[in-house]
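What the coordinates show
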Amino acid sequence: MPSLGRPSSFTHEVVFRRCPDCQEHNIVREDDFVCAFCGSDLPAAWNVDPTT
Ligand SMILES: [Zn+2]
């Protein structure tokens, strides 16, 4: 059994963006806002989930 003392895997937030070009969902890592599928720029300030 692994210890449950402190989490070691999730040290930073995972940011999701949906590509405005190909509509694919991307996981943004290390502020690399580029679509992994088509290479388009992803919006820097936009959530996938509509909150308003
Ligand atoms: Zn794309």
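Anyway, here's the lowdown on the structure attached to this text. (Residues numbered from 1 in each chain as written. Predicted model: local features only at pLDDT ≥ 70, side-chain atom pairs only at ≥ 80, totals over all residues. Heavy atoms only, no water.)

**Points about the side chain of Arg17**
Within the fold, Arg17 resides in strand β1 (residues 15-18). The buried charged residue Arg17 lacks any salt bridge, with Asp31 as its nearest oppositely charged partner at 7.6 Å. Only 2.8 Å separates the side chain of Arg17 from the backbone oxygen of Ala44, close enough to count as a polar contact. (Helix = DSSP H or I, 4+ residues; strand = E, 2+ residues; numbered from the N terminus. Buried < 20%, exposed > 50% of the residue type's maximum accessible area, 1.4 Å probe, protein only. Lys, Arg positive; Asp, Glu negative; His and termini not counted. Salt bridge = Lys/Arg side-chain N within 4 Å of Asp/Glu carboxyl O. Polar contact = N/O pair within 3.5 Å; in protein donor to acceptor, adjacent residues only side chain to side chain.)

**Some words on the environment of Glu24**
Position of Glu24 among the secondary structure elements: in the loop between β1 and β2 (25-28). On the basis of relative accessible area, Glu24 is assigned to the partly exposed category, the value being 35%. Taking C-alpha positions, Glu24 is 8.8 Å from Ala36, a pair spaced twelve residues apart along the chain. Those residues in contact with Glu24, other than ones at most four positions away along the chain, are Arg17, Arg18, Cys19 and Phe37. (Contact = heavy atoms within 4.5 Å.)

**Comments concerning the side chain of Ser40**
Mapped onto the elements, Ser40 comes out in the segment after β2. Ignoring any residue separated from it by four or fewer positions in sequence, one finds Ser40 in contact with Cys19, Asp21, Phe33, Val34 and Cys35.

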